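# Descriptive analysis of the structure
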Amino acid sequence: MTRLANLFRELRSYPSAVAGVSVIVIMVIIAIYAMVTIPYSEAVRLWRGGDNVWLETPRNARPAWINNFRREKLPESIIMKTTEDPSLKTVMDLGGGLATSDMLFEFDYYYDAFPSEISMFFTAQFKSARPNVSIKWVTPDGREIRLTDLTVRQSESYRISQDSAVSRRLGGVLPEKGLFADPNDPSKVNKGTYQVVVEGLVFEEGSTLDGSLIVYGQVHGLAGTDHRRRDIMVALLWGTPVALAFGLLAAVGSSLTTMTLAAAAVWFGGWIDYAIRRINEIVMILPLLPILIMVGLFYSRSIWAILGVVILLSIFGSGILTYRSMFLQVKQSGYIEAARAYGASNARIIFRYMVPKVIPVLIPQFVAQVPNYVFLEATLAVLGLGDPVLPTWGKLLNDAYTSGALFNGHYYWVLEPAFLLVVTGLGFAMLGFALDRIFNPRLRGL
Amino acid sequence: MPNAALKGQQKPAEERTPILAVENLHTWFEVRRMGFLKAGDVRALDGVTFELYEGEALSIVGESGCGKSTLAKTILGLHHPTKGKIYFQGTDVTQLDKEQTKQYRAKVGYIQQDPYGALPPFMTVERILREPMLINGITDKDEQKRRIRQVLEEVKLAPIEDFLPKFPHMLSGGQQQRLVIARAMILEPKLLVADEPVSMLDASVRVEILQLLRKIQYDHNLAIIYITHDLSTVRYFSERIFSMYGAKIIEKASTKALLKNPLHPYTKALFEATSDPDAENLKTFKEVPAGEPPSLMNPPSGCRFHPRCSKMIPGLCDREIPPEFQVTDDQFAACWLYRES
């Protein structure tokens, strides 16, 4: 324990180590937060659920904080629901089962840009006669624009933006532009209070009608949304534990196995040493990425299968030779001889006497290796070999790439996961370098 | 002097039982050329025979490379003998299976030359002492504590609680060697093999450590093999002294007899080379044999010392290997000079 405390005391004297540790701690906190607030099944449902999960978010929206840096403010989504705010709805019984169910959605719109979409959703309860609605748009300057008349099924959506009749009535412009445009200058937004008036009529006793209006903005949340309306934040959050777990497991798995193999080779010597060295030479020249691509294509794209292959292939490499040379020295130590003299078994000598001696050398290398594996996972995902269910940073980049994010100007979509990848890599690298200096005092002067 | 205390206890040799009997022991190391071609053998031990009795301290002296350490390690089972037998309490330990070897090793303690190297740097004192017990099936916590307490008291590492959480690098050289002795004693062995236990220590603590070893030996009636190249320390220690040269034992004698009158020319030369703080040394000339220790791959024919020996008998020493001649009651020498006796 005192050694650990000493290590931390020493780490504090390296600013880069402090920065690296802070980054890693923040990452771990984010990872825990993500896993607690969004359970695994929920994350998969959110990411794979499709359009029904993301009814209320705009498509390809930028992060909301972008407005702080713009003179022209981009709109946020306006969501009004009669189920949540019953005052929007007035019900009047006309007798004989007939009743009006009028709704008035009134909202202020002072943004400088047009919304990205406008939709209305209705839900109704009835036995056989479907309720009727007629919808009207009232602009701040008092113009009334009739939108449509609908008979409502149990669940009905009316996408105003896609209603070509409205578009025609507005003179051929898109409804989300035409409905908000200044009559004098159609390129500008007519700022003020808008109303959507819905006159509903139900025909049965006990029949109800509820509606909601969503004016989709151009910005959403902290991270924005992608081409399928998904909140990118979900993938950024869930990508953190996935990246950390992948990086750490791959680094721990491969370096510990490498060390154990090297120790076994040295301890047993003879043909075991020979075999391990020859296998190592063969595996060293196998290309990692093409093999991973083949595994992804023909076997499984599960992140755990890929992790297994990565560990298997990373065990071998120059590391095994480096450790071997260290162990050759350790093998001659008096304490190993003493351990044999009091009857220690081969396994005990390898794991309790040889490996612990080399672990201090391993730790900095191991920490510096973590980002390699984080990047590898992202690389595979960008190549389309990411895990099919889990949202990860690499998959975000892959989605952004395939839907032409940069071409369409959706920079945030690429920059956010890239930023997290770089920061993670930087955090581990800075800690690794500092640890290297602590464990290898010769580097301190540099 | 502990020696004085011992003299009364010593029984005649024929009444005592040998705890260790080594018969015609050979340990050869194969030397290869290009990884697979056999180039020859290094004959590190070439026909060593002796007996060690219960409670006896035996010193083995000789220069570097004469096979002293190989003898120790072969007895410990760290090297496998090429030929010959080692009987420990009557059983041949060169033919044991894995489990029996483990039991044998528990009965033999090992004290190494470099105390710092002999202690795993990443283990605490407590862990170091617990390891042999864990390996040899002493898992009861109270028993472990009792033994740790006992051995640390015996080697005078006190207060015990202060030492238990320490790492080897926090101890002084003398304390480290005490810990090594404690570790060797924790399995309550019958035989201790001490391979130059004090040669890496400060002169100031050497005698202390040797007296400690001697005391432990009396208290437990231990047999000790004490290997050294430092003749100035053997007088503190042993009942018998063996002198080794070129992978063979060339002289066996009681300490008293050997210190008074070494027989073999090599042993004589070895004693000549001992540095005593005596001003008279300035005026005397010491005869030190010229030349180098023999190659153990191609040892000289006949007596291995003959190329350096001033009393070499031509035609005999360089042809025939000298057998062991008994010169007095307690002194044997493998030298043709004593062929008459």
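Presented here is a report on the structure given in the accompanying data block. (Residues numbered from 1 in each chain as written. Chains lettered and ligands numbered in written order. Predicted model: local features only at pLDDT ≥ 70, side-chain atom pairs only at ≥ 80, totals over all residues.)

### Thoughts on the overall build of chain A
The helix and strand inventory of chain A stands at 14 helices and nine strands. Against the compact-globule benchmark of 22 Å for 446 residues, chain A has a radius of gyration of 31 Å, which places it well outside the compact range. Counting only C-alpha atoms, chain A reaches 100 × 50 × 40 Å along its principal axes. Within chain A, the proportion of its 446 residues that are buried is 37%. In chain A, the share of contacts with a sequence separation of at least 24, taken over all contacts with a separation of at least 6, comes to 73%. (Helix = DSSP H or I, 4+ residues; strand = E, 2+ residues; numbered from the N terminus. Rg over C-alpha atoms; globule rule 2.2 N^0.38 Å. Buried ≥ 20, exposed ≤ 12 C-beta atoms within 10 Å, placed from the backbone. Contact = placed C-beta atoms within 7 Å.)

### Focus on the overall build of chain B
Counting secondary structure elements, chain B contains 12 helices and 12 strands. The C-alpha atoms of chain B give a radius of gyration of 21 Å, which matches the 20 Å a tight globule of 341 residues would have. Each of the three principal axes of chain B carries a C-alpha extent, and together these read 65 × 55 × 45 Å. When the 341 residues of chain B are sorted by exposure, 42% land in the buried category. Counting contacts in chain B only where the partners sit at least 6 residues apart, residues at least 24 apart contribute 65% of the total.

### Observations regarding the sheet that holds strand β1 (residues 18-33) of chain B
Residues and elements named next belong to chain B. Here we have four strands laid out as an open sheet, ordered β2-β1-β4-β5, and antiparallel in their pairing. Of all the strands in the sheet, just β2 (37-53) and β5 (91-92) have a single pairing partner and so form its edges. Both β1 and strand β4 (residues 83-88) contribute to a ladder of five bridges, which runs antiparallel. Looking across to β4, one finds that L20 is bridged to F88. Helix α2 (residues 68-76) contacts β1, β2 and β4 of the sheet and is inclined by roughly 75 degrees relative to β2. (Pairing = 2+ DSSP bridges. Axes fitted to C-alpha atoms, helices over the stretch in contact; angles between N-to-C directions.)

### Comments concerning the environment of G427 of chain A
Residue and element names in this part refer to chain A. Assignment of secondary structure puts G427 in helix α14 (residues 411-439). Expressed as a C-alpha distance, the spacing of G427 and K73, which sit 354 residues apart in the sequence, is 35 Å. Among residues more than four places away in sequence, those in contact with G427 are G20, V23, I24 and M27.

### Topic: helix α11 (residues 334-341) of chain A
All of the buried residues along α11 of chain A are Y335, I336, A338, A339 and A341 of chain A. Of the surrounding secondary structure, the elements contacted by the buried residues of α11 of chain A are α10 (318-331) and α12 (346-385) of chain A together with α2, α3 (98-106), β6 (108-111) and α4 (115-118) of chain B. After α11 of chain A finishes, the residue G343 of chain A shows a positive phi value of roughly 95 degrees.

### A closer look at the packing of α10 of chain A against α12 of chain A
Residues and elements named next belong to chain A. Relative orientation of the contacting elements α10 and α12 amounts to 130 degrees, with a least axis distance of 10 Å. It follows that α10 is oblique to α12 by the angle criterion. Between α10 and α12 the crossing geometry is right-handed. Here Y323, M326, F327 and V330 of α10 lie close against α12, whose contacting residues are M354, K357, V358 and V361. For the contact of α10 with α12, the per-class residue count stands at seven nonpolar, no polar and one charged. (Parallel < 35°, antiparallel > 145°, perpendicular 65-115°, else oblique. Left-handed = near helix turned anticlockwise from the far one by under 90°. Nonpolar A, V, L, I, M, F, W, Y, C, P; charged D, E, K, R; others polar.)

### Digging into unusual backbone geometry
Residue and element names in this part refer to chain B. Here the bond from A158 into P159 is cis, since omega is -5 degrees, no more than 30 degrees from zero. Within the fold, P159 resides in the loop between α6 (141-154) and α7 (160-163). Phi at E196 takes a positive value of approximately 45 degrees, unusual for a residue other than glycine. Within the secondary structure, E196 is located in the loop between β7 (191-195) and α9 (203-220).

### Focus: the nonpolar core
Judged by nonpolar contacts, the single largest core of 158 residues is most densely connected at A262 of chain A together with A182, V193, A194, I224 and I225 of chain B. When residues in this core are grouped by element, the largest group, 17 residues, is from helix α6 (residues 232-268) of chain A. Among all residues touching I224 of chain B, those that are not within four sequence positions of it are A57, L58, L192, A194, L213 and Q217 of chain B. If you look at the next biggest cluster of nonpolar residues, it comprises 30 residues, including M120, L179, V202 and L213 of chain A. (Core = buried A, V, L, I, M, F, W, Y, C linked by C-beta atoms within 7 Å.)

### Some details on the sheet that holds strand β7 (residues 155-159) of chain A
Hydrogen bonds between backbone groups are what pair the strands of a sheet, and the pairing can be parallel or antiparallel. Residues and elements named next belong to chain A. With antiparallel pairing, the four strands of this open sheet are ordered in space as β1-β9-β4-β7. Both edges of this open sheet fall to β1 (78-81) and β7, since each of them pairs with a single strand only. Between one strand axis and the next, the sheet turns through 10 degrees on average, direction left out of account. Here strand β4 (residues 117-125) pairs with β7 via five bridges, running antiparallel. Counterpart to F121 in the pairing with β7 is S157.

### Structural notes on the interface of chain A and chain B
Between chain A and chain B, the residue contacts involve 14 residues of the former and 17 residues of the latter. Considering every element that reaches the side of chain A that touches chain B, the biggest residue donor is α11 of chain A, with six residues. Residue classes in the side of chain A that touches chain B are distributed as seven nonpolar, three polar and four charged.

### A few points about the environment of F122 of chain B
With respect to the element layout, F122 of chain B can be found in the loop between α4 and α5 (125-135). Its 17 C-beta neighbours within 10 Å are what place F122 of chain B among the partly exposed residues. Here the alpha-carbon distance between F122 of chain B and T82 of chain B, two residues 40 residues apart in the chain, equals 35 Å. Aside from chain neighbours lying at most four places away, what touches F122 of chain B is P356 and K357 of chain A.

### Here's the deal with the packing of helix α3 (residues 40-48) of chain A against α6 of chain A
Packed helix pairs are characterised by how far apart their axes lie and by the angle those axes make with each other. Residues and elements named next belong to chain A. Here α3 crosses α6 at 140 degrees, and the two axes come no closer than 10 Å. As judged from the angle between their axes, α3 and α6 are oblique. For the element pair α3 and α6, the recorded crossing hand is left-handed. Contacts from A43, L46 and W47 in α3 reach V234, A235 and W238 in α6.

### Regarding the pairing of strand β3 (residues 57-61) of chain B
Every other side chain in a regular strand lies on the same face of the sheet, so the side chains alternate between the two faces. Residue and element names in this part refer to chain B. With five of five residues buried, β3 is to be regarded as a mostly interior element. Summarising the sheet, β3 and strand β8 (residues 223-228) pair through five bridges and their orientation is parallel. Paired with A57 across the two strands is I224, which belongs to β8. As paired elements, β3 and strand β9 (residues 240-245) share four bridges and run parallel to each other. Pairing of V61 across the sheet is with S243, part of β9.

### Looking at the pairing of β9 of chain B
Residue and element names in this part refer to chain B. In terms of residue burial, β9 counts as a mostly covered element, since six of its six residues are buried. Here β9 shows no split at all, with R240, F242 and M244 on one side and I241, S243 and Y245 on the other all buried. When β9 meets strand β10 (residues 248-254), the two strands line up antiparallel, connected through six bridges. Residue pairing in the sheet places R240 in a bridge with S254 of β10.

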